[in-house]
Amino acid sequence: MADCSPAGAEATDGSPGVTASPPEAKKCGTHNSSALGHSFKKVTLTKPTFCHHCSDFLWGLLGFLCEVCNLMCHEKCLKTLGSLCPSMAPSAIRVPVAHCFGPDAAKRRVCCVCRKQTEGDGALRCQVCELHVHADCAAFTCADCRLCHADGTRQQDTFHHHWREGNLPSGARCQMCRRSCGSSDVLAGMRCEWCGVTCHAACHLRVASECTLGRLRRLTLHPACVRLQSRNFSKQQCYRIMEAAGGGNELDDDVDKVDASGVALRDGQPATPEHGKQFVKVYDGDDALRRAHFRLVSIVRATRKHQVLEAALRAFYLPDEPEGFQLQQVGGLERLHGDDVMNRNSDSLKDGGDTWMLRAKGGGAEVLKVYGGPDRSGWDYVSVSVSEDSTAASVLAEVLERLGLQKGDEMRFDLQEVLMSGKQVQRQALTPQQNILDKLHDIRKTSLRQMNQTRFCVAERRSQMVRVSLLIGGLPPQLSNEQYWQLMQEQLMVKSHLADVSHVYASQGAVALELSCFSEAERVFMLAKDLSVNDKPLTSLVIPDIQLSLLSSDVRPLLVFVNTKSGGLKGKDLLYAFRKILNPHQVFDLAYGGPLPGLHTFRAVPSFRVLVCGGDGTVGWVLGVLEALRHQLACREPPVAIVPLGTGNDLSRVLRWGAGYSGEDPTHVLTCVDEADEVLMDRWTILLDAQDLTGATADDSFLEAPKVVHMNNYFGVGIDAELSLDFHQARQGDPDKFTSRFHNKGVYVKVGLQKISATRSLHREVQLQVDGCQVALPNIEGLIFLNIPSWGSGADLWGSEADGRYGKPSVDDGLLEVVGVTGVVHMGQVQSGLRSGIRIAQGTYMRLLLRKAFPVQVDGEPWLQPPGHVVISAAGPKVRMLRKSKHKHRKSPGGAKDGRSESSASWDGCSESSTPSEDAQP
């Protein structure tokens, strides 16, 4: 970050390196340049450039460039500039919230620290907010992520916008002036990460400070309604995304690294210095020296000491004046004397550069900013002069007196040190005898960057009750409460006086624990992640608490389930997008504990909706768990919407959600869910009872215990199930090849062609009863029981012809349609729309007798069923589903909804063809 000039900009004074000092640069700016932390200098533009403030083209030859953060703007924009330099960003934080960094695969994003493109493998993004940074820039981010829950009992009277600069879609328009404010080239424009309002940097100050969560308010779980005591737990663990981030501790180490070589290459500098230049390695403290994390500073011959200091401060994003710092040579740590760095170290040109330590000069009295804390004056601070005799107690007494508190209230408060780095927020109460100057010296000696991200504040002592909720899954199902508690004590050594079982989900093999000690909660959490019971690994999740008293009566929060194993990488992209748009506490990855964690979190919410992102198998999985837990939920029948990520997606077609997700705007998806209509749908229970029908006991290899499965779409016996089984086995053999619907359809066609010449006699080996009456089967090779008018990726197997013998099929008529197919050719004709199936019966109760083993499939999940009886009956009450409304929702002026771009693609126009569901239940 030493040579901060972007491509296409040259210093007007002709100096190729660091030459403009901050005082000189600030003369070029305005009255607020110093307050914002920028150091501007005039540069000559050699390439087309856009203003980072107004996003307009920079006409002419001159622009103003910040040497610290690379902000480029017009001279006229200096008067209204409001973007803080990263060096000043820690001072503007109201409530520090750590980020959840993960790898960034998005293209054409701009780093929020250095304002350069983040293309490449070294980019990171926050999994909760729109922060995109380079891996080496992440160490200079501050904890300004979204506040998604309240940690403790503190309540916020007014919910403000959470503004994030840049990375807006190119079509975004300003909420105030309706002009374009988005850009994919520069970090321009502002967006509220809750309501999605976009505007120019100059216009966002005129937007009302209160945020109403925008168009999706009725679906969003308000942060004030969520309580989570998260001490001892990282944000990744609280949001259940530690594993998704790629390894937890390894990623944290990457965030801490400051890779100097990466900086040089990204800034366009050559691997070796240019003629007359030298790279100087600079450390900002003992911690950086121990970790070998340095920054490169590019200097020219005859560069003076104060100029190197200025460049080093800019490289570490420190807003202080260079007079308070000095450079010490690493090794002997000699003081840097003399003005000519290059000439004093003539041998440095041979070894590639010198290595220096940036230190703060020791002095006498200092001025310390002490913030009033969130319970008093928000982020306002009191300046206190501290000397060598100042202690935490004396500073606290002076601050409290200036805040207007009575004498003697010192016992109710502590002076607290808060580290606000990007990946963690650490709070530590200082002891009353702690010497303040010694404390400041220790922090600066460890890391000057850490000192810039450290805040001192007044914190009131509270004796609040500790309540941490953990959901332990992977236990044996169908045990008693006493047996589960015994397992907790045997396997996890849970202390009975610190923990209590609040909920037991016997059908799912899970237990919810309430712990009254942070250390005990952390121990149980980490121990459960490394244990197995009956060779099945346990899962451990931190569960938030939803405050129903703070939930608005017109809000029906959306519970989102995403199967990241479906749809290639689209499931992961949707998971990330929904976490950004909604509260991440209402978005759950089914790979971590299935649907139970989300339903347990929403167990007391009186009314909510469910969005399932996956194929038909995933939808059936969620509906099955909903049915098993309905008596433990306050909302027993939440309606379910679908984002189709599977291969067949027949249920989503019937409910108008389309044939498959192809990258629509997630905000548009959520808007459609909010406007969807509720419909009822039948659900069926299938009892499969394998029996030895021949009476022989010698060959009983096919016999197995009876089992019960639930069916939502269709149940097939014969040729269609055989094709599904062959496809399923091929996918299990090489799952990496089955990541796209197009490839899946090709494999299915290939399997079907291999079955054309095979002869079968299903009608001779199967007996069918419908509502107690025997039904004669025609000469068919496949028997399908339909609950919805879509089969095999959208084919109309029943047909649309009127027939006086049967009623018109419907998803909620309480009837099953029985259809037969004669073979693979017949199935292909049905798929192409040339023919329909052979109508056999329509009824409410079906009974099948299989005289030999047959392939069967339920909603695309196939297996080989031994001979025996199969009984199909209604599965209790109908389920409530959400059907996409036919009318298009109204768009806000400018063609964007709440500042977010919308996709013009319609799911109803998609067309896919394949049969089995792409995603099996994990």
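Model, not experiment: these values are computed from the prediction.

## Observations concerning the overall build of the protein chain
Helices and strands together make up the secondary structure of the protein chain, namely 23 helices and 45 strands. When the 922 residues of the protein chain are sorted by exposure, 55% land in the buried category. In the protein chain, the share of contacts with a sequence separation of at least 24, taken over all contacts with a separation of at least 6, comes to 73%. Taken as a whole, the protein chain presents about 38,700 Å² of accessible surface, with 49% of it coming from carbon and sulfur.

## Examining a negative patch on the surface
A cluster of acidic residues, Glu388, Asp389, Asp438 and Asp442, forms a negative patch on the protein surface. You can see Asp389 is positioned in the loop between strand S17 (378-386) and helix H10 (392-402). By relative accessible area, which is 68% here, Asp389 ends up exposed.

## Details of empty space enclosed by the protein
Throughout the structure, instances matching the rule amount to seven cavities of 30 Å³ or more. As a volume, the largest cavity reaches approximately 120 Å³. Lining of the largest cavity is provided by Leu623, Leu626, Glu627, Arg630, Arg636, Glu637, Pro638, Val640, Pro877, Lys878, Val879 and Arg880. Secondary structure elements with two or more residues in the lining of the largest cavity: helix H17 (616-629) and strand S45 (879-883).

## Some thoughts on the packing of aromatic side chains
On inspection of all chains with the given rule, the structure shows 11 aromatic pairs. Seen from their ring centres, Phe50 and Phe57 are 5.7 Å apart, and the 85° between their planes marks the pair as edge-to-face. The class for Phe57 is partly exposed, based on a relative accessible area of 27%. Ring centres 5.7 Å apart and planes at 65° place the aromatic pair Phe159 and Trp194 in the edge-to-face group. With Phe159 in the loop between strand S7 (132-134) and strand S8 (163-165) and Trp194 in the loop between strand S9 (190-192) and strand S10 (198-199), this residue pair connects regions lying 35 residues apart in the sequence. Looking at Trp194, the relative accessible area reads 5%, which means it is buried.

## Looking at the environment of Leu168
One can find Leu168 in the loop between S8 and S9. It is 4.9 Å that separates the C-alpha atoms of Leu168 and Gly182, two residues lying 14 residues apart in sequence. Look past the residues within four positions of Leu168 in its chain and what remains in contact with it is Cys181, Gly182, Ser183, Ala188, Gly189, Met190, Arg191 and Thr198.

## Details of the sheet that holds strand S26 (residues 539-543)
Taken in spatial order, the four strands line up as S22-S23-S21-S26 in an open sheet, and their pairing is antiparallel. Since the sheet does not close on itself, it has two edges, and those belong to strand S22 (499-505) and S26, each with one partner. Within the sheet, the average angular offset between the axes of one strand and its neighbour, ignoring direction, is 25°. Bridge analysis of strand S21 (residues 468-473) against S26 gives five bridges, and the strand direction is antiparallel. The partner of Ile472 across the bridge, within S26, is Ser540. Running at roughly 130° to S22, helix H13 (residues 481-491) makes contact with S21, S22 and strand S23 (510-515) of the sheet.

## Topic: helix H14 (residues 518-528)
Among all positions of H14, only Phe518, Glu520, Ala521, Val524, Phe525 and Ala528 are buried. Buried residues of H14, viewed axially, fall in a sector of 165°; they line one side. Buried positions along H14 lie against helix H3 (235-238), S21, S23 and S26.

## A few points about unusual backbone geometry
A positive phi angle is found at Gln478, which is not glycine, with a value near 60°. Tracing the backbone shows Gln478 in the loop between S21 and H13. The backbone of Met493 sits at a positive phi, close to 55°, despite the residue not being glycine. Structurally, the position occupied by Met493 is in the loop between H13 and S22. Residue Met493 is classed as exposed on the basis of its relative accessible area, which comes to 51%.

## A look at the sheet that holds strand S39 (residues 816-821)
If you trace the six strands from one edge of the open sheet to the other, you get S40-S39-S38-S35-S42-S43, paired in antiparallel fashion. The open sheet has two free edges, formed respectively by strand S40 (838-843) and strand S43 (861-865), since each of these has just one partner strand. Averaged over all pairs of adjacent strands, the angle between their axes in this sheet comes to 20°, without regard to strand direction. Two strands pair when backbone bridges link them, and strand S38 (residues 782-786) and S39 are joined in this way by five bridges, in the antiparallel orientation. Looking at S39, one finds that Ile784 is bridged to Val819.

## Here we look at helix H7 (residues 305-315)
Every α-helix winds through 3.6 residues per turn, so residues three or four apart in the chain are directed the same way. Of all the 11 residues making up H7, nine are buried; the element is thus mostly covered by neighbouring parts of the structure. Residues of H7 that are buried include every one of Gln307, Val308, Leu309, Glu310, Ala311, Ala312, Leu313, Arg314 and Ala315, and no others. Taken from the residues just after H7, Tyr317 is the one with a positive phi, measuring 55°.

## Overview of the confidence of the model for the protein chain
Model confidence for the protein chain is summarised by a mean pLDDT of 80, while 78% of its residues fall at 70 or above. A low-confidence stretch, residues 333-353 (pLDDT under 50), is modelled with 44 contacts involving residues beyond four sequence positions or located in other chains.

## A closer look at the pattern of salt bridges
As a working rule, side chains carrying opposite charge can pair if their charged atoms are close by. Under the definition given, this model contains 32 salt bridges. Residues Asp185 and Arg108 are paired through a salt bridge, measuring 2.4 Å at the closest nitrogen-oxygen approach. Here Asp185 is found in the loop between S8 and S9, whereas its partner Arg108 is found in the loop between strand S5 (101-103) and strand S6 (123-126), with 77 residues between them in sequence. The salt bridge involving Glu366 is made with Arg444; its shortest N-O contact spans 3.0 Å. With a gap of 78 residues between them, Glu366 in strand S16 (residues 366-373) and Arg444 in helix H11 (residues 436-446) connect regions that are remote in the sequence.

## Considering the pairing of strand S19 (residues 425-429)
Of the pairings in the sheet, the one linking strand S18 (residues 413-420) to S19 comprises five bridges and is antiparallel in character. In the sheet register, Met420 faces S19, and the bridge partner there is Val425. Connecting S18 to the next strand, S19, in antiparallel fashion are four residues.

## Some remarks on the environment of Asn563
Summarising the element assignment, Asn563 is placed in the loop between strand S28 (558-562) and helix H15 (570-581). Within the local environment of Asn563, its side chain forms a polar contact with the backbone nitrogen of Lys565, the two atoms lying 3.1 Å apart.

## With respect to the side chain of Asn167
On the secondary structure map, Asn167 appears in the loop between S8 and S9. Judged by relative accessible area, which is 9%, Asn167 ranks as buried. For Asn167, the contacting residues outside a window of four places in its chain are Arg109, Val110, Cys112, Glu130, His132, Leu187 and Arg191.

## Points about the packing of H15 against helix H19 (residues 666-674)
When two helices pack together, their arrangement is captured by the angle between the axes and the distance separating the axes. Their axes nearest at 10 Å, the elements H15 and H19 cross at an angle of 70°. Taken together, the axis directions place H15 and H19 in an arrangement best described as roughly perpendicular. Residues Ala577, Phe578 and Ile581 of H15 form the contact with H19, whose own contacting residues are Pro666, Thr667, Val669 and Leu670.

## A word on the nonpolar core
Core analysis: the biggest nonpolar cluster contains 67 residues, and Phe40, Cys73, Val133 and Leu358 have the highest contact counts within it. Among the elements that take part in this core, H7 stands out by supplying six residues, more than any other. When residues no more than four places from it in sequence are discounted, the contact partners of Val133 are Phe101, Cys111, Cys112, Val113, Thr118, Gly122, Ala123, Leu124, Ala138 and Thr141. Counting residues in hydrophobic clusters, the runner-up holds 66 residues, among them Leu216, Leu582, Leu623 and Val879.

Conventions we followed
Residue indices follow the written sequence of each chain, beginning from 1 at its first position. Given that this is a predicted model, residues contribute local features only at a pLDDT of at least 70 and side-chain atom pairs are listed and counted only at 80 or more, while totals for whole chains, interfaces and linings are drawn from all residues. The side-chain values count all of the structure's non-hydrogen atoms but skip hydrogen atoms and water molecules. Secondary structure follows DSSP: runs of H or I at least 4 residues long count as helices, runs of E at least 2 residues long count as strands, and numbering of each begins at the N terminus. Any residue under 20% of the maximum accessible area for its type is buried, any over 50% is exposed, and the rest in between are partly exposed; the area is computed with a 1.4 Å probe on protein chains only. The contact definition used throughout considers only heavy atoms, calling two residues in contact when any of these lie within 4.5 Å. Each accessible area is a Shrake-Rupley result for a 1.4 Å probe, and residues are judged covered by the shown protein chains and nothing else. For patch building, the residue pool is restricted to those with more than 30% relative accessible area and no salt bridge; the joining distance is 9 Å between like charges and 5 Å between nonpolar side chains (Val, Leu, Ile, Met, Phe, Trp, Tyr). Put simply, a salt bridge is a Lys or Arg side-chain nitrogen that is within 4 Å of an Asp or Glu carboxyl oxygen. The convention is simple: Lys and Arg are positive, Asp and Glu are negative, and His and the chain ends are not counted. By convention, charge coordinates are those of NZ in Lys, CZ in Arg, CG in Asp, or CD in Glu. Detection works on a 1 Å grid of protein atoms alone, calling trapped sets that fit a 1.4 Å probe cavities and calling open sets with protein on both sides within 12 Å along at least five of seven lines pockets, with lining residues defined by an atom within 4 Å of a point. Grid points are joined across faces, edges and corners, and a volume is the space filled by probe spheres set on the points. Stacked, tilted and edge-to-face pairs are distinguished by plane angle, under 30 degrees for stacked and over 60 for edge-to-face with tilted covering the rest, among Phe, Tyr and Trp rings (Trp via its six-membered ring) whose centres lie within 6.5 Å. In this analysis, strands are considered paired if DSSP registers two or more bridges between them. Axes here refer to lines fitted to C-alpha atoms; in helices the fit is confined to the stretch in contact. Angles between the N-to-C directions go from 0 to 180 degrees. The directions from the helix axis to the C-beta atoms are what the arc is built from. The predictor's confidence in any single residue is recorded as pLDDT, a number from 0 to 100. Side-chain atoms alone can form a polar contact between residues adjacent in sequence; in general such a contact is a pair of N or O atoms within 3.5 Å, and within protein one must be able to donate a hydrogen while the other accepts it. Just so you know how the angles are binned, under 35 degrees is roughly parallel, over 145 roughly antiparallel, 65 to 115 roughly perpendicular, and the rest oblique. Here the nonpolar core consists of buried residues drawn from Ala, Val, Leu, Ile, Met, Phe, Trp, Tyr and Cys, with membership extended through side-chain atoms lying within 4.5 Å.

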